Amino acid sequence: GVAFMGDTKGGAFDISREQAAALLAAGNPDGRPNRDVVVPWVNGRDVLGRARGRHIIDFGVDMSEAEAARYLRPFAQVRAQVLPGRRTNKRASYRERWWIHVEARPGLRAAIQPLRRFIATPTVGRHRIFVWLRSPTLPDHQLIVVARDDDYLFGVLHSRAHELWSLRMGTRLGVGNDPRYTPTTTFETFPFPWPLSTPDAALNAAQREHQRAIAAAAAALDAARRDWLAAEVESATTRTLTALYNARPAWLSAAHDALDRAVLAAYGWAEELADDELLARLLAHNLERPARSRS
């Protein structure tokens, strides 16, 4: 109930920045705004490259055709761009509810709806990179979403411990044999320093201190990356997270080292652990947990 695959659209629901601006500026006879159904949309390319500012027409998980049709221009666009392909789909629900995304992920939507931001990582990538997305952004199925908004969890996920675990527990996919991240094999099996279900009020003083240290290091890493991406230089268009992690400059390594120290301290382990020893300790930590609270 924390990590989810993103939305699968099943048709040309996504639109450019310019198309979105035109739809958002258009009105409807009953006064309802098109921003109800035209929202920012992000996939793995946007996370690892430069964000393209794309949007998506999204009628949710159960809006009726009659209700969707009240958003005149968005509905007309979907009818023109999506209906022809969905009309011949072998699955009845996809044919009959052609204005709804094929896998709209109601669990994901319910989990992120109350959050001001949430964590996302590309399903497939050479580097295991996590980023913050802000509501009402709809994440594509090429992203795995973690429905939490705290820097502590972001930090643990971006630590060396979790990266090693995800590489060992994940699969490989594609021509480049890049690692694949999934909610079931890599997230749900990972043993966090204490179970994610532990309320903050139940943490002891030492755990709270570790939580604060991890959160501070994670926030510093995220801020430094954002500053680098936003730098006003001639090469700004080539400043991507993929390029950054390929180069891994000294400041980035230092930020990750600080984060790793904070995370390993939360486990009570020394930072000099070799990869195999760290994995062995994580496995032992996993096996100590009851099945219902492995993470």
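Just above sits the structure.
Residues numbered from 1 in each chain as written. Predicted model: local features only at pLDDT ≥ 70, side-chain atom pairs only at ≥ 80, totals over all residues. Heavy atoms only, no water.

S.K.: I'd love a proper account of the pairing of strand β5 (residues 117–122), names of residues and values included.
M.R.: Most of β5 sits out of view: 6 of its 6 residues are buried. Residue alternation in β5 divides its side chains into two sets, R117, I119 and T121 and F118, A120 and P122, and both sets are buried. Of the strand pairs in this sheet, β5 and strand β6 (residues 131–134) are connected by 4 bridges, and their pairing is antiparallel. Residue pairing for β6: A120 is matched across the bridge by V131. Where β5 and strand β8 (residues 143–146) come together, 4 bridges link them in antiparallel fashion. In the strand pairing of β8, A120 is matched with V145. (Buried < 20%, exposed > 50% of the residue type's maximum accessible area, 1.4 Å probe, protein only. Helix = DSSP H or I, 4+ residues; strand = E, 2+ residues; numbered from the N terminus. Pairing = 2+ DSSP bridges.)

S.K.: Hey, could you go over the environment of T185 for me, with residue numbers and the actual values?
M.R.: Relative to the helices and strands, T185 resides in helix α10 (residues 183–187). Its relative accessible area of 31% is what places T185 among the partly exposed residues. Spatially, the C-alpha atom of T185 lies 36 Å from that of S64, the residues being 121 residues apart in sequence. Those residues in contact with T185 that sit more than four places away from it in its chain are W165, M169 and G170. (Contact = heavy atoms within 4.5 Å.)

S.K.: Now, about the packing of helix α11 (residues 205–230) against helix α13 (residues 250–267): what can you tell me, with residues and values included?
M.R.: Axis separation between α11 and α13 bottoms out at 9 Å; the angle between their running directions is 165°. Relative to α13, α11 is oriented roughly antiparallel. Classified by chirality, the crossing of α13 by α11 is left-handed. Residues H210, A213, I214, A217, A218, L221, A224, R225 and W228 of α11 form the contact with α13, whose own contacting residues are W251, L252, A255, H256, A258, L259, A262, V263, A265 and A266. For the contact of α11 with α13, the residue count by class is 16 nonpolar, 2 polar and 1 charged. (Axes fitted to C-alpha atoms, helices over the stretch in contact; angles between N-to-C directions. Parallel < 35°, antiparallel > 145°, perpendicular 65-115°, else oblique. Left-handed = near helix turned anticlockwise from the far one by under 90°. Nonpolar A, V, L, I, M, F, W, Y, C, P; charged D, E, K, R; others polar.)

S.K.: Report on helix α4 (residues 72–81), specifying residues and quantitative values.
M.R.: Every buried residue belonging to α4 is among P74, F75 and V78, and all of these are buried. Angular distribution of buried residues about the axis of α4 spans 95°; they occupy a single face of the element. Those residues of α4 hidden inside the fold are in contact with α1 (17–25), β3 (38–42), β4 (55–57), α3 (65–68) and α5 (83–86). (Arc of directions from axis to C-beta.)

S.K.: Go over the layout of surface pockets, please, and point to the residues and values.
M.R.: What the largest pocket holds in volume is close to 580 Å³. Lining the largest pocket are 18 residues, with A51, V131, W132, R226 and L229 positioned closest to its centre. Breaking the lining of the largest pocket down by element, the ones donating at least two residues are α2 (44–48), β6 and α11. Across the lining of the largest pocket, the residue classes break down as 8 nonpolar, 2 polar and 8 charged. (1 Å grid on protein atoms, 1.4 Å probe; cavity = no way out; pocket = protein on both sides within 12 Å on 5 of 7 lines; lining within 4 Å. Points joined across faces, edges and corners; volume = space filled by probe spheres on them.)

S.K.: Tell me about the environment of H55, residues and numbers included.
M.R.: Of note, H55 is situated in strand β4. Given the relative accessible area of 16%, H55 is considered buried. Residues within four places of H55 in sequence aside, it is in contact with F13, D14, I15, A20, V38, V39, P40 and W41. A distance of 3.2 Å separates a polar side-chain atom of H55 from the backbone oxygen of G53. (Polar contact = N/O pair within 3.5 Å; in protein donor to acceptor, adjacent residues only side chain to side chain.)

S.K.: Tell me about the packing of aromatic side chains, and please be specific about residues and values.
M.R.: Evaluation of the coordinates by the stated rule reveals 10 aromatic pairs. Taken together, F59, F75, W98 and W99 form an aromatic cluster joined through their ring pairs. (Phe/Tyr/Trp six-rings, centres within 6.5 Å; stacked < 30°, edge-to-face > 60°.)

S.K.: Could you give me a rundown of the pattern of salt bridges, with the residues and numbers involved?
M.R.: Taken as a whole and judged by the stated rule, the model has 17 salt bridges. Between D30 and R70 there is a salt bridge, with the nearest N and O atoms lying 3.1 Å from each other. Of the two residues, D30 is situated in the loop between α1 and β3 and R70 in the loop between α3 and α4; the sequence distance between them amounts to 40 residues. On the basis of relative accessible area, D30 is assigned to the partly exposed category, the value being 37%. One salt bridge in this structure joins E209 and R212, with 2.9 Å as the shortest N-O distance. Here the residue E209 and the residue R212 both occupy positions in helix α11, the gap between them amounting to 3 residues, near one helical turn. Residue R212 is classed as partly exposed on the basis of its relative accessible area, which comes to 49%. One connected set of salt bridges, linked through shared partners, spans D30, R32, E67 and R70. (Salt bridge = Lys/Arg side-chain N within 4 Å of Asp/Glu carboxyl O.)

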